[in-house]
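If you want the building blocks of each chain, they are given just below.
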Amino acid sequence: MSWTLDPLPQVAPSPGPLLIVVMDGVGLGPRDEGDAVHLARTPVLDGLMASCPHARLRAHGKAVGLPSDADMGNSEVGHNALGAGRVFEQGAMLVNAAISSGRLFEGEAWRAVMGRALGDGALHLIGLLSDGNVHSHIDQLFALVREAHRAGARRLFVHPLLDGRDVPDTSALQYVDALEALLGELGADGRTFRIASGGGRMLVTMDRYEANWAVVERGWMAHVHGRGRPFGSAKEAIETYRREEPGTTDQFLPEFVITEGGAPVGPIRDGDAVVFFNFRGDRGIEISRAFEDEAFDKFDRGPRPDVLYAGMMQYDGDLRIPKRFLVEPPSIERTQGELLARNGVTQFACAETQKFGHVTYFWNGNRSGKFDEALETYLEVPSDRVPFEERPWMKAAEVTDATLAALGEGRHRLLRINFANGDMVGHTGNLDAAVLAVQAVDLCLGRLIRAVRRARGLALITADHGNADDMFERDPKTKAPLRGPDGAFRPKTAHSLSPVPLILVDSSGLGRSLGLRQDPAAGLSNVAATALNLLGLKAPEDYDPSLLSF
């Protein structure tokens, strides 16, 4: 296998660098009252779309390795595709295949889990309870529960994390009711199959990139030690929290613990087995570390029970987190970043904390660290710890400042950055805040384009998936925005199925004519070869083809 990137004779390298901008969650939506990208004042984007070559890219479903085109794209698979230049089967497909073939239940990790569950220990399943298919899927959880029952487990506890982000924002009860029905059915023969604890994903357990370890601590205390507000059922907890704080969506519901006779029904004890059943990695790493790290200083864990811990997948292959996992993750090698490093090309990656791992870990094929310390600069801008709708500008200005400084240094040949605003604010369901978020990105984009032009460089502007472009729930048939009982539009917090833009800005001053091919099948994976061509390099033959026309 050759690692050499040969020159592309048809394209003379520009004097300046190539900047790739990922406007996270900014898709090409329906351009109506629910489209924050359309409603926002975006003179920079509008001007670029009017004057520069541009194309539409598919950013969901099979184009990013998901099971079907009904599946929303997400930031993980989107950045995998952008960096890898090819489409790999992703977590949902791999887990579904492992379950349907039975390979998951024949594997060493599942056998070890059941070794505890068939002895004196209990089996605990922790993860996101929904059919959003971004981090997990309820059908996969049900398959684990049914197989554990079939194999003879006597005690099984589920610790559901409520979604309201990749699915409608107050839909938790439909999933909880279905789970309770299954557990009740399987526990009818005298076994103990119950919900033990839980909470909303943004407050409990599912932190990422070490943005807020208190989220993990709350989950740890509820799941492991049974410490949290007590309720008789998960349904009671959800209904009580909603009544006490009207308007609170599922993802922000506090932790709860199910108790009976004044005691938690299913705390995690010595001898138990624990499976974190999310397949996506970013929000599974920290809770895995809490269970596995011997030297742990992020919070006081209290007595750490002796458990056998496994993830649905391995969330970080380089750091081996977790050590045991049920399904092998996709093997993504020869990414754009690795190829450029091996060919001596300097690179810069920058984002705020919420998306830093996306322009590094996910872009590099689920690999931590750099390929070459001397050639690569990774810069994380710490995110604010406030609700995103309260500061929809987030850290876009700081990411821009850092990128402008890097452009000014003139050392990096390729720069890649992420603006988190469209996605993170879009997930709040707040339309007005999402409009401001998109406007903040547009303002920063203008600053960057001016700098690229001064440097006689190029820019590729795209997104990893849609979100802010579709802020209302829609009628499945007419696609018209839906209204609630109060007459207001029903907010949507999930990603969209919209395509995303790819805009080429050529400021090289070489007088050449570069354009982008219009290909209805083109997706995010075509960006890597396009970028390599813009650097004057041939893309590997197995990369999805470049969209550059010359």
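Below is a short write-up of the structure. (Residues numbered from 1 in each chain as written. Predicted model: local features only at pLDDT ≥ 70, side-chain atom pairs only at ≥ 80, totals over all residues. Heavy atoms only, no water.)

1. Observations concerning the side chain of Ser 288
- Along the chain, Ser 288 turns up in helix H11 (residues 285-292).
- The exposure class of Ser 288 is buried, given its relative accessible area of 0%.
- Ignoring any residue separated from it by four or fewer positions in sequence, one finds Ser 288 in contact with Tyr 309, Tyr 315, Ile 321 and Pro 322. (Helix = DSSP H or I, 4+ residues; strand = E, 2+ residues; numbered from the N terminus. Buried < 20%, exposed > 50% of the residue type's maximum accessible area, 1.4 Å probe, protein only. Contact = heavy atoms within 4.5 Å.)

2. Some remarks on the layout of surface pockets
- Its boundaries defined by the atoms lining it, the largest pocket holds a volume of some 1,000 Å³.
- Forming the walls of the largest pocket are 41 residues, and the residues nearest its centre are Tyr 209, Glu 210, Ala 211, Glu 286 and Thr 353.
- The dominant element in the lining of the largest pocket, judged by the number of residues it contributes, is helix H13 (residues 353-362), at seven residues.
- Taken together, the residues of the lining of the largest pocket break down into 19 nonpolar, eight polar and 14 charged.
- By volume, the second largest pocket is sized at about 660 Å³.
- Met 72, Glu 473, Lys 492, His 495 and Leu 497 are the residues nearest the centre of the second largest pocket, which is lined by 23 residues in total.
- For the lining of the second largest pocket, the per-class residue count stands at nine nonpolar, five polar and nine charged. (1 Å grid on protein atoms, 1.4 Å probe; cavity = no way out; pocket = protein on both sides within 12 Å on 5 of 7 lines; lining within 4 Å. Points joined across faces, edges and corners; volume = space filled by probe spheres on them. Nonpolar A, V, L, I, M, F, W, Y, C, P; charged D, E, K, R; others polar.)

3. Focus: the nonpolar core
- Ranked by size, the top nonpolar core spans 82 residues in total, and within it Leu 123 and Met 312 carry the most contacts.
- In this structure, Val 21, Val 435, Val 438 and Val 441 belong to the second largest nonpolar core, which totals 47 residues. (Core = buried A, V, L, I, M, F, W, Y, C linked by side-chain atoms within 4.5 Å.)

4. Describing the pattern of salt bridges
- Inspection of every chain in the model, using the stated rule, returns 32 salt bridges.
- Here Asp 384 ties to Arg 391 by a salt bridge, and the two come within 3.5 Å at their closest N and O atoms.
- Sharing partners across several salt bridges, the network here consists of Asp 32, Asp 470, Arg 474 and Lys 492. (Salt bridge = Lys/Arg side-chain N within 4 Å of Asp/Glu carboxyl O.)

5. Observations concerning the packing of aromatic side chains
- Within this structure, the stated rule accounts for eleven aromatic pairs.
- On the basis of an interplanar angle of 70° and a centroid distance of 5.3 Å, the ring pair of Phe 105 and Trp 110 is categorised as edge-to-face.
- Accessibility expressed as a relative area gives 16% for Phe 105, which makes it buried.
- What makes Trp 110 buried here is its relative accessible area of 3%.
- An angle of 70° between the planes, with centres 5.0 Å apart, marks the rings of Tyr 361 and Phe 362 as edge-to-face. The pair Tyr 361 / Phe 362 is uniform in exposure class, with both members buried.
- Counting every residue linked through ring pairs, the aromatic cluster contains Trp 213, Trp 220, Phe 291, Phe 296, Phe 299 and Tyr 309.
- The ring of Trp 3 carries Arg 342 above its face, with NZ or CZ at 3.7 Å from the centroid.
- In this structure, Arg 483 is placed above the aromatic ring of Phe 489, and the distance from its NZ or CZ to the ring centre is 3.9 Å. (Phe/Tyr/Trp six-rings, centres within 6.5 Å; stacked < 30°, edge-to-face > 60°. Lys NZ or Arg CZ within 6 Å of the ring centre and 35° of its normal.)

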